[in-house]
Amino acid sequence: MDQIKDQLAKELSQAASLEEVEKIRIQYMGKKGSITNLSKTVNFGAMGPEERKDFGRRFNEIKTWADQALAQAQARLRQGGGAAGPMPVDLTLPGARGSLGSLHPITLVQMELEQIFQGMSFIVGQGYHVESEHYNFDALNIPGDHPAREMQDTFWLTNGMLMRTHTSANQVRMIEAHGVPLRAIFPGRCFRYEAVDASHENTFYQLEGLMVDRNVTISHLIAVMKALLSQVFHRPVTVRLRPGYFPFVEPGFELDCQCLICEGVGCKTCKQSGWIELLPCGMIHPRVLEAGGVDPDQWSGFAFGLGLTRLAMMKFGVPEIRLFNSGDLRFLEQFPAAV
Ligand code: DAH
């Protein structure tokens, strides 16, 4: 086998055309080729089982090696190389270009929303992944014995801190840091102790926003949400508010958007209802303003929490939430490198 291998390597290195490589292929790997015929030259009857196994392994190895060597010789000749030997180097050829990564779909949606909100004079904040119980719960009118704590399964750390369960944890921090009047959004990663399935992740992204000023009303909330959604979806949208309960807003709402696929008639995407539940929001609870040192008799505001991961799924038609954190290049490469 080693002899055949050496011989084949030598002949391939001297081959100067694809036709010659093909002839060599037939000579070695064709029906009656010398590699193909190797099994006929041995007397299996005289071999022990170990020997037979060893022969089989080496026979497969040489076949794989020969396939590769032939393919390499073909590739070399297709690229215009002659018989192997020192290859002429063309220093004027452009170098291999480094490939650029692409932006993650959630980053794309986040960047788009940041731009839209900056156009409405909102500042962009950040917040912390590791939060205190105070900012994640108490300051948001969710005391220790409040049943709403049950709604969010929290990763607690051994030092008494926690992984923030929502970007709302940054509301009071932003009010403290910037004072009022204030328009701010703060996108970021949130963590919940969830069983992972096609639509639930234990790591996901939200984009929280708030606006506090004198005499801010529900009309402002609706106007800003409509402006946001019509820019995201590139067309006018119809929205409606349903009552929703969140301890840190009063009143609290679920904002629905008329289904963009069927225009409200009813289809599979909106489960025949004509509406799609988009984001929870509401008028900031006086206790939350107080926690941020703001007098609720003088100031009012609205807040909203948008599921960035869900919005990215809707915008790009991603059916499976686990793709976002999978690191699977076949998924990631479908998104552009820049906006
Ligand atoms: N923080 C809530 C959650 O993650 C979402 C939310 C609801 C945010 C109402 C808000 C709001 O700002 O007003 O479940």
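Keep in mind that this is a model prediction, so the values were computed, not measured.

### Remarks on the layout of surface pockets
Looking at the largest pocket, its volume works out to about 1000 Å³. Lining the largest pocket are 42 residues; nearest its centre among them are R192, Q206, P280, G307 and R310. Looking at the lining of the largest pocket, the elements that each hand over two or more residues are β5 (203-213), β7 (249-258), β8 (275-284), β9 (300-307) and α9 (308-316). When its residues are assigned to classes, the lining of the largest pocket shows 24 nonpolar, 11 polar and seven charged. Put simply, the second largest pocket is a space of about 650 Å³. For the second largest pocket, the lining is made up of 24 residues, of which T269, C270, I276, R310 and M314 are closest to its centre. For the lining of the second largest pocket, the secondary-structure elements that each account for two or more residues are β6 (239-243), β7, β8 and α9. Classifying every residue of the lining of the second largest pocket by side-chain character gives 12 nonpolar, three polar and nine charged.

### Some remarks on the pattern of salt bridges
Within this structure, the stated rule accounts for 11 salt bridges. Taking the shortest distance from any N to any O, the salt bridge between K315 and E112 comes out at 3.2 Å. Of the two residues, K315 sits in helix α9 while E112 sits in helix α4 (residues 105-118), which places them 203 residues apart along the sequence. The exposure class of K315 is partly exposed, given its relative accessible area of 26%. The partner of D256 in a salt bridge is R242, and the shortest N-O contact between them spans 2.7 Å. Residue D256 is located in strand β7, and its partner R242 is located in strand β6; the two are separated by 14 residues in the primary sequence. On the basis of relative accessible area, R242 is assigned to the partly exposed category, the value being 28%.

### Concerning the domain arrangement of the protein chain
Many authors give the size of an interface as the accessible area that is lost as the parts come together. The domains assigned to the protein chain are domain 1 (2-82) and domain 2 (105-332). Distance from the C-alpha centre of domain 1 to the C-alpha centre of domain 2: 64 Å.

### Focus on the sheet that holds β6
Strand order across the open sheet formed by seven strands is β1-β4-β5-β9-β8-β7-β6, with mixed pairing between neighbours. Strand pairing shows two members of the sheet lacking a second neighbour, β1 (123-124) and β6, which therefore form its edges. Relative to β5, strand β4 (residues 182-191) runs antiparallel, the two sharing 10 bridges. Its bridge partner lying in β5, P187 is registered against L207.

### Remarks on the packing of α4 against helix α7 (residues 218-232)
Between α4 and α7, whose axes approach to 10 Å, the crossing angle comes to 135°. When the axis of α4 is compared with that of α7, the two are oblique. For the element pair α4 and α7, the recorded crossing hand is right-handed. Contacts between α4 and α7 pair E112, L113, I116 and F117 from the former with V224, L228, Q231 and V232 from the latter. Here the contact of α4 with α7 is built from residues that sort into six nonpolar, one polar and one charged.

### Regarding unusual backbone geometry
The peptide bond linking V180 to P181 adopts the cis configuration, its omega dihedral lying at 0°. Its location among the elements puts P181 in the loop between α6 (171-178) and β4. One non-glycine residue, N141, lies in positive phi territory at about 65°. With respect to the helices, strands and loops of the structure, N141 is situated in the loop between α5 (133-136) and β3 (162-163). Judged by relative accessible area, which is 14%, N141 ranks as buried. Although it is not a glycine, H234 sits at a positive phi angle of roughly 60°. Mapped onto the secondary structure, H234 falls in the loop between α7 and β6. Exposure remark for H234: the relative accessible area of 63% places this residue in the exposed category.

### Here we look at the site of the ligand
What surrounds the ligand is a group of 16 residues, the closest being H166, S168, R192, Q206 and E208. Between Q206 and the ligand, the recorded distance is 2.9 Å, taken from a side-chain N or O atom to an oxygen atom. For the ligand, an oxygen atom lies 2.6 Å from a polar atom in the side chain of E208. Assessed atom by atom at 2 Å from the grid points, the ligand resides in the largest pocket. Mapped onto the shell around the ligand, the elements with two or more residues apiece are β5, β8 and β9.

### Quick look at empty space enclosed by the protein
Across all of its chains, the model carries one cavity of 30 Å³ or more by this definition. Its boundaries defined by the atoms lining it, the largest cavity holds a volume of some 40 Å³. In this structure, the largest cavity is lined by I106, E201, T203, F204, Y205, T309, I321, F324 and N325. Per element, the largest residue contribution to the lining of the largest cavity is three residues, and it comes from β5.

About the cut-offs
- Residues numbered from 1 in each chain as written.
- Predicted model: local features only at pLDDT ≥ 70, side-chain atom pairs only at ≥ 80, totals over all residues.
- Heavy atoms only, no water.
- 1 Å grid on protein atoms, 1.4 Å probe; cavity = no way out; pocket = protein on both sides within 12 Å on 5 of 7 lines; lining within 4 Å.
- Points joined across faces, edges and corners; volume = space filled by probe spheres on them.
- Helix = DSSP H or I, 4+ residues; strand = E, 2+ residues; numbered from the N terminus.
- Nonpolar A, V, L, I, M, F, W, Y, C, P; charged D, E, K, R; others polar.
- Salt bridge = Lys/Arg side-chain N within 4 Å of Asp/Glu carboxyl O.
- Buried < 20%, exposed > 50% of the residue type's maximum accessible area, 1.4 Å probe, protein only.
- Domains from an automatic or database assignment.
- Pairing = 2+ DSSP bridges.
- Axes fitted to C-alpha atoms, helices over the stretch in contact; angles between N-to-C directions.
- Parallel < 35°, antiparallel > 145°, perpendicular 65-115°, else oblique.
- Left-handed = near helix turned anticlockwise from the far one by under 90°.
- Contact = heavy atoms within 4.5 Å.
- Near = heavy atom within 4 Å.
- Polar contact = N/O pair within 3.5 Å; in protein donor to acceptor, adjacent residues only side chain to side chain.
- Sits in = over half its atoms within 2 Å of the grid points.

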